[in-house]
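Spelled out from the first residue to the last, the chains are:
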Amino acid sequence: MELVQDTCRPPLKYVKGVPLIKYFAEALGPLQSFQALPDDLLISTYPKSGTTWVSQILDMIYQGGNLDKCHRAPIYIRVPFLEFKAPGFPTGLETLKESPAPRLIKTHLPLSLLPQTLLDQKTKVVYVARNAKDVAVSYYHFYCMAKVHPDPGTWDSFVEKFMAGEVSYGSWYQHVREWWELRHTHPVLYLFYEDMKENPKREIQKILEFVGHSLPEKIVDHIVHHTSFEEMKKNPMTNYTTISSDIMDHAVSPFMRKGKAGDWKTLFTVAQNEQFDADYAQKMAGCDLSFCS
Ligand code: A3P
């Protein structure tokens, strides 16, 4: 049996050309047996794009805005993480087997690794995208604190790896593009982190419509309040402080770190920004996705 100290910074493992956290790569085989249910809802994101935020919003919607019900368990139990695996924890698949329908399911997988059942069943998808520079900065801090990742090295070297798609889950550029294209053939609500920051109520109303729920305005306002960064940062059911510091060390960087749009400006140098923009223009050429960064 693997011990918690064995979780410390194993190298990424490539599956079909996609680098993944070693344990998550190992979870993909058993995931072949996963069967989507007709009322499942998939939350898909590239890491650090607002997954926890939209997960809490959706659980609050499913619980009719009842915060006490949302305190029943940490977010990673209420919204099982499909490809999750780590020593000493139930896998995402095991957690899902215990979850009552209708289920909310989280994934960061690119389409090439997504279990086919989710596509065959036309499972509704809420996708959240965040601008690449803020994702890179947030991911760097997350690599530093979450020890299932390899050592991030310096920010300089990490941003190079991010641009090259040599971080867990591979290329951000490919991820945001392929899920954007999927919406032509599949029920996908494609949201942006920056829009959620600008007007959370408007974006929550889009989610309500997409999932076919309606709630009184007072309850929607209550959800807006309890899913704000400040509220989620102090809520142990959303801030990941229930995970042992052997795995996530909040003293290095809290999971709920800054929750801002545009924080990349504090870390990118002018030269890095120019290089990133030039590379971005090439990788996103021909794509009609536009981000506010
Ligand atoms: P920062 O590191 O920039 O602060 P994910 O859940 O996909 O891992 O994304 C984590 C990022 O979303 C972190 O970004 C975190 O602070 C931010 N976040 C989480 N909840 C949020 C909220 N309610 N409002 C705004 N940002 C939030």
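Residues numbered from 1 in each chain as written. Predicted model: local features only at pLDDT ≥ 70, side-chain atom pairs only at ≥ 80, totals over all residues. Heavy atoms only, no water.

Looking up the chain in an unreviewed UniProt entry gives the name Sulfotransferase, with the organism given as Otolemur garnettii. Recorded in UniProt under Sequence similarities (unreviewed entry), the annotation for the chain is "Belongs to the sulfotransferase 1 family." The record held by UniProt for the chain lists under Subcellular location (unreviewed entry) the comment "Cytoplasm". (UniProt positions renumbered as here; feature names shortened; annotations may be inferred.)

J.: Tell me about the overall build of the chain, and name the residues and values.
T.: When its secondary structure is counted, the chain shows 14 helices and 6 strands. Relative to the globule expectation of 19 Å for 293 residues, the C-alpha radius of gyration of the chain, 18 Å, shows essentially globular dimensions. Summarising its shape, the C-alpha atoms of the chain cover approximately 50 × 45 × 40 Å along the three principal directions. Considering the chain as a whole, with its 293 residues, one finds that 55% of them fall into the buried category. For the chain, long-range pairs separated by at least 24 residues make up 74% of all intrachain contacts whose partners lie at least 6 apart in sequence. Separation of charge centres in the chain, based on 32 positive and 34 negative side chains, amounts to 2 Å. (Helix = DSSP H or I, 4+ residues; strand = E, 2+ residues; numbered from the N terminus. Rg over C-alpha atoms; globule rule 2.2 N^0.38 Å. Buried < 20%, exposed > 50% of the residue type's maximum accessible area, 1.4 Å probe, protein only. Contact = heavy atoms within 4.5 Å. Lys, Arg positive; Asp, Glu negative; His and termini not counted. Charge placed at Lys NZ, Arg CZ, Asp CG, Glu CD.)

J.: Explain the layout of surface pockets to me, and be specific about the residues and the numbers.
T.: Size it by volume and the second largest pocket reaches roughly 300 Å³. In this structure, the second largest pocket is lined by 17 residues; those nearest its centre are Gln63, Arg72, Arg78, Pro100 and Pro102. Where the lining of the second largest pocket is concerned, the elements lending two or more residues are α2 (51-62) and α4 (75-78). Here the lining of the second largest pocket is built from residues that sort into 8 nonpolar, 4 polar and 5 charged. (1 Å grid on protein atoms, 1.4 Å probe; cavity = no way out; pocket = protein on both sides within 12 Å on 5 of 7 lines; lining within 4 Å. Points joined across faces, edges and corners; volume = space filled by probe spheres on them. Nonpolar A, V, L, I, M, F, W, Y, C, P; charged D, E, K, R; others polar.)

J.: How would you explain the UniProt feature "domain: Sulfotransferase" (unreviewed entry) in the chain if you had to name every residue and give the values?
T.: UniProt's feature table lists "domain: Sulfotransferase" (unreviewed entry) at residues 38-287, given in the numbering used throughout. Secondary structure across residues 38-287 comprises 46% helix and 8% strand; the distance between its end C-alpha atoms is 32 Å.

J.: I'd love a proper account of the site of the ligand, names of residues and values included.
T.: By nearness alone, 18 residues border the ligand, and Thr51, Thr52, Ser138, Tyr193 and Lys258 come closest of all. In the model, a nitrogen atom of the ligand is placed 2.9 Å from a nitrogen or oxygen of the threonine 227 main chain. Burial of the ligand by the surrounding chains reaches 97%, relative to a free accessible area of 570 Å². Counting only elements with at least two residues in the shell around the ligand, the list comes to α2 and α13 (229-234). With 3 residues, the single largest contributor to the shell around the ligand is α2. (Near = heavy atom within 4 Å. Polar contact = N/O pair within 3.5 Å; in protein donor to acceptor, adjacent residues only side chain to side chain. Areas by Shrake-Rupley, 256 points an atom, 1.4 Å probe, with all protein chains shown as cover.)

J.: Any details on the sheet that holds strand β5 (residues 124-129)? Residues and values, ideally.
T.: If you walk across this open sheet you meet the 4 strands as β4-β3-β5-β6, and the pairing is parallel. A single partner strand is all that each edge strand has here, and the edge strands are β4 (104-107) and β6 (188-192). Strand-to-strand twist of the sheet, defined as the mean angle between neighbouring strand axes without regard to direction, takes the value 20°. Judged from the 5 bridges that link them, β5 and β6 form a sheet pairing that is parallel. The residue bridging valine 128 from the neighbouring strand is leucine 191, located in β6. Contacts from α2 reach β3 (41-45), β4 and β5 within the one sheet, and its direction differs from that of β3 by about 160°. Strand contacts of helix α11 (residues 200-211): β3, β5 and β6, with the helix running at about 170° to β6, the strand carrying the most contacts. (Pairing = 2+ DSSP bridges. Axes fitted to C-alpha atoms, helices over the stretch in contact; angles between N-to-C directions.)

J.: I'd like a rundown of the nonpolar core, residues and numbers included.
T.: Side chains of a nonpolar character, in soluble globular proteins, are inclined to be buried together. Of all hydrophobic cores here, the largest spans 93 residues; its most connected members are Phe162, Trp172 and Tyr190. In terms of residue count, the dominant contributor to this core is helix α7 (residues 132-145) (9 residues). Excluding residues within four positions of it along the chain, tryptophan 172 makes contact with Tyr46, Arg130, Asn131, Ala132, Val135, Phe162, Tyr280, Met284 and Phe291. (Core = buried A, V, L, I, M, F, W, Y, C linked by side-chain atoms within 4.5 Å.)

J.: Could you give an account of the side chain of lysine 48, naming the residues involved and the relevant values?
T.: Within the element layout of this structure, lysine 48 appears in the loop between β3 and α2. Within the buried core, lysine 48 has no salt-bridge partner, and the shortest N-O distance to an opposite charge, that of aspartate 263, equals 12 Å. Sequence-distant contacts of lysine 48, that is, excluding residues within four places in its chain, are made with Arg130, Val135, Ser138, Tyr139, Phe142 and Phe255. (Salt bridge = Lys/Arg side-chain N within 4 Å of Asp/Glu carboxyl O.)

J.: Outline unusual backbone geometry, supporting the account with residue identities and numerical values.
T.: A cis amide bond links alanine 101 to the next residue, proline 102, at an omega of 0°. Looking at the element boundaries, proline 102 is found in the loop between α5 (92-97) and β4. Its identity as a non-glycine residue notwithstanding, arginine 9 has a phi of 50°, on the positive side. Summarising the element assignment, arginine 9 is placed in the segment before β1 (13-15). Overall, arginine 9 belongs to the partly exposed group, its relative accessible area being 25%. The backbone of tyrosine 169 sits at a positive phi, close to 80°, despite the residue not being glycine.

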